[in-house]
Amino acid sequence: MKLKLPYGISHYKTVIEEGYTYVDKTGWIQTLEDASRYNLIMRPRRFGKSLFVSMLAYYYDIKAKDDFNRLFGHLAAGQNPTGNQNRYQILFLEFSGISTDDPQSIYSAFNNKITLAIATFLKKYHYPAESLDRLYQLDSPTPADKLNYLLSLLDDQKIYLIIDEYDHFANALLAEDLHYFCKIMGKGGFVRAFYESIKAATQQGSIDRLIITGVTPIMLDSLTSGFNMVENLSLLPAFNEAIGLTQAETTSLIYPLTEQCAINADTLMATLKDWYNGYVFASKGQPMYNANMVLYFLKHVDAKNCAFPEEMLDENIASDYRNIMRMFSIGDRDTNYAVLEELISEGEVTAQQRRKFDFDKGFDREDFISLLCYMGFVSLAGSEFGVQRFRIPNHVIKRLYFAYFKVEIERKNQFSIPPQKLQQAVTALALHNDIEPLRHEIQSILMVLSNRDFMQMDEKHLKVLLVTLLYQSSIYFIKSEPEVNHKYPDILLLERSPYPVKHQHLIELKYCKKSERKKHPHLWDDKRTEGIQQVQGYQQLPDIQILEKLSCWVIVTDGEDVAAENVAFASQR
């Protein structure tokens, strides 16, 4: 039976009452209570944060007391409640959708968010009608004043404050206008004043518990005193698995699909791992799956024909991540570009992960890498002596990187790489085993880059360029330097559902430096021979021999001239 999946639904009551599949995260309520009264947890966009805090809202809401057994009775928190269930009035704030076009629109939207949340609160908990009228008649209606007004209405009833996406607008603003960001977050700024009112309310006992979600700690650190009562749980091992999906949770979701469709469970999990897994938020934490990405896949898979979605990343999620990539312009753009280039060429970067960002001291390489980690663009891969290693978590993020890298190449060198020609070149490989269109595009681009002193050419840089071009098409699953029986061919282009191809490809790239070629005319042929021998070695590997419809190629270039040669398997000669 196909599961009813809550893709795009972040309202907990709707999920439970309408029979959507819910991965039980209620067991984390006790862990949160044990951690602190005032908690903050950061995770990448579209990771499941909003559904998590919606669940908390219904667990603690005094108005949901009569619904507790129906909403939680079958779940961990219902079977072992903490004692604080249905104890609080819930003030729910969320700050997505605030335009950062100009300062006035930011202030107005932020203020309106506060007004709407307080008005909803007053109506929900049946405060006198005149209290709502008074809200709209305040003499000084700043966000802080409105919150203080609400707190003045309370008697002995305590508030549980939930703030979802606390930094949503701030992240965009930081990339666009650092000066205004610092102004509204710094002393005297309206955002800081609002959070200082929250802090005062926790000290007075009006706000008894608080949870805040977001993506990055940039706004947190800018607010300083307004937030210093909050316990940041984001990088603690105990909370690595609180939001997102574990391996076991993801496996439980795919069983109906494997029963309905002739897809091996291990094969399907391997695919999901390649595309959606790899997020590690704490040392020794297990890699997590992006919950929304997994749900998107399961919702759009064609079980009847056992075909995967044509696009493995939902455009809504891709749009979110493209917007976040504007933050690559923070600080020195060339330094950030060098980090990006190192990530996609070396596979890893190292840095000491920042807990705080101090813009008065600038924004350096380690700040940028730390920011990438919070946003989910890199993930922890290990550490030695306090220095962390970071890598790209999965294929979805890798595709976004290469899309952005193409844009940066075009920007830095002031020319355009035509996407239609790249798509046609990859299609020629897939259907006709014809590498000539791709070879031609590589040569055309290299000639422009060479004339502009694009980069210090070497084989690794050239491979990055080739992979960037290949990633502009969705036809293949692309593997760069994959481990194959302890060997590392440069590029594998593998068939992926739902795109049937007539040819898969192995590509070995050889670089013959132009200045050395002039000194040693035989060097080009030597590089060609070396590449052929390497490919012939790969062809003997068991994991290569089982690949069907595989063509093998050696591409030799000096940075301008490009030659491509097919290397047939021994049995084909």
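Description of the structure in this document. In this text, all values refer to a predicted model and were calculated from it rather than measured experimentally. (Residues numbered from 1 in each chain as written. Predicted model: local features only at pLDDT ≥ 70, side-chain atom pairs only at ≥ 80, totals over all residues. Heavy atoms only, no water.)

With that settled, the discussion passes to the packing of helix 19 (residues 395-413) against helix 22 (residues 459-470). For the pair helix 19 and helix 22, interaxial distance at closest approach is 9 Å and the crossing angle is 110°. With respect to each other, helix 19 and helix 22 are oriented roughly perpendicular. Here the hand of the crossing between helix 19 and helix 22 comes out left-handed. Contacts between helix 19 and helix 22 involve Phe402, Phe405, Lys406 and Ile409 on the former and, on the latter, Val464, Leu465, Val467 and Thr468. Its residues placed into classes, the contact of helix 19 with helix 22 shows six nonpolar, one polar and one charged. (Axes fitted to C-alpha atoms, helices over the stretch in contact; angles between N-to-C directions. Helix = DSSP H or I, 4+ residues; strand = E, 2+ residues; numbered from the N terminus. Parallel < 35°, antiparallel > 145°, perpendicular 65-115°, else oblique. Left-handed = near helix turned anticlockwise from the far one by under 90°. Contact = heavy atoms within 4.5 Å. Nonpolar A, V, L, I, M, F, W, Y, C, P; charged D, E, K, R; others polar.)

Moving on: unusual backbone geometry. Most peptide bonds are trans, and most residues other than glycine sit at a negative phi. Omega for the bond connecting serine 497 with proline 498 falls within 30 degrees of zero, at 10°, which places this linkage in the cis form. Tracing the backbone shows proline 498 in the loop between strand 10 (491-495) and strand 11 (504-511). Unlike most non-glycine residues, arginine 46 shows phi in positive territory, near 55°.

Turning our attention to empty space enclosed by the protein. Scanning the entire structure with this criterion turns up five cavities of 30 Å³ or more. Within this model, the second largest cavity holds a volume of roughly 60 Å³. Lining the second largest cavity we find Ile442, Leu446, Leu462, Leu465, Leu466, Leu509, Ile555 and Thr557. Across the lining of the second largest cavity, the residue classes break down as seven nonpolar, one polar and no charged. (1 Å grid on protein atoms, 1.4 Å probe; cavity = no way out; pocket = protein on both sides within 12 Å on 5 of 7 lines; lining within 4 Å. Points joined across faces, edges and corners; volume = space filled by probe spheres on them.)

Here the focus is the sheet that holds strand 4 (residues 207-214). Pairing in this open sheet of five strands is parallel, and the strands run 2-3-4-1-5 from one edge to the other. Either end of the sheet is taken by a strand with one partner, and the two such strands are strand 2 (89-94) and strand 5 (231-232). Across six bridges, the pairing between strand 2 and strand 3 (residues 159-164) is parallel. Residue pairing across strands places glutamine 89 opposite isoleucine 159, the latter belonging to strand 3. With respect to the sheet, helix 11 (residues 190-204) is in contact with strand 1 (38-42), strand 2, strand 3 and strand 4, its orientation differing from that of strand 4 by roughly 145°. (Pairing = 2+ DSSP bridges.)

Quick look at the pattern of salt bridges now. Evaluation of the coordinates by the stated rule reveals 28 salt bridges. For aspartate 67, the salt bridge goes to arginine 70, with nearest N and O atoms at 3.2 Å. Relative accessible area serves as the criterion here: at 43%, arginine 70 is assigned to the partly exposed category. A salt bridge links arginine 411 to glutamate 408, with the shortest nitrogen-to-oxygen separation between them at 3.0 Å. One end of the pair, arginine 411, and the other, glutamate 408, are both in helix 19, three residues apart, so they sit about a helical turn from each other. (Salt bridge = Lys/Arg side-chain N within 4 Å of Asp/Glu carboxyl O. Buried < 20%, exposed > 50% of the residue type's maximum accessible area, 1.4 Å probe, protein only.)

When its volume is computed, the largest pocket comes out at roughly 1400 Å³. Taken together, 47 residues form the lining of the largest pocket, with Asp274, His395, Lys398, Phe477 and Lys479 sitting closest to its centre. Broken down by secondary-structure element, the contributors of at least two residues to the lining of the largest pocket are helix 14 (265-276), helix 17 (333-346), helix 19, helix 22, strand 9 (476-480) and strand 10. Among the elements that line the lining of the largest pocket, the one with the most residues is helix 14, at six residues. For the lining of the largest pocket, a count of residues per class yields 22 nonpolar, 11 polar and 14 charged. Lining the second largest pocket are 29 residues; nearest its centre among them are Ser10, Gly48, Lys49, Leu51 and Asn292. For the lining of the second largest pocket, the secondary structure elements donating two or more residues are helix 3 (49-60) and helix 15 (291-300). Top element by residues in the lining of the second largest pocket is helix 3. It accounts for four residues. Classifying every residue of the lining of the second largest pocket gives 14 nonpolar, eight polar and seven charged.

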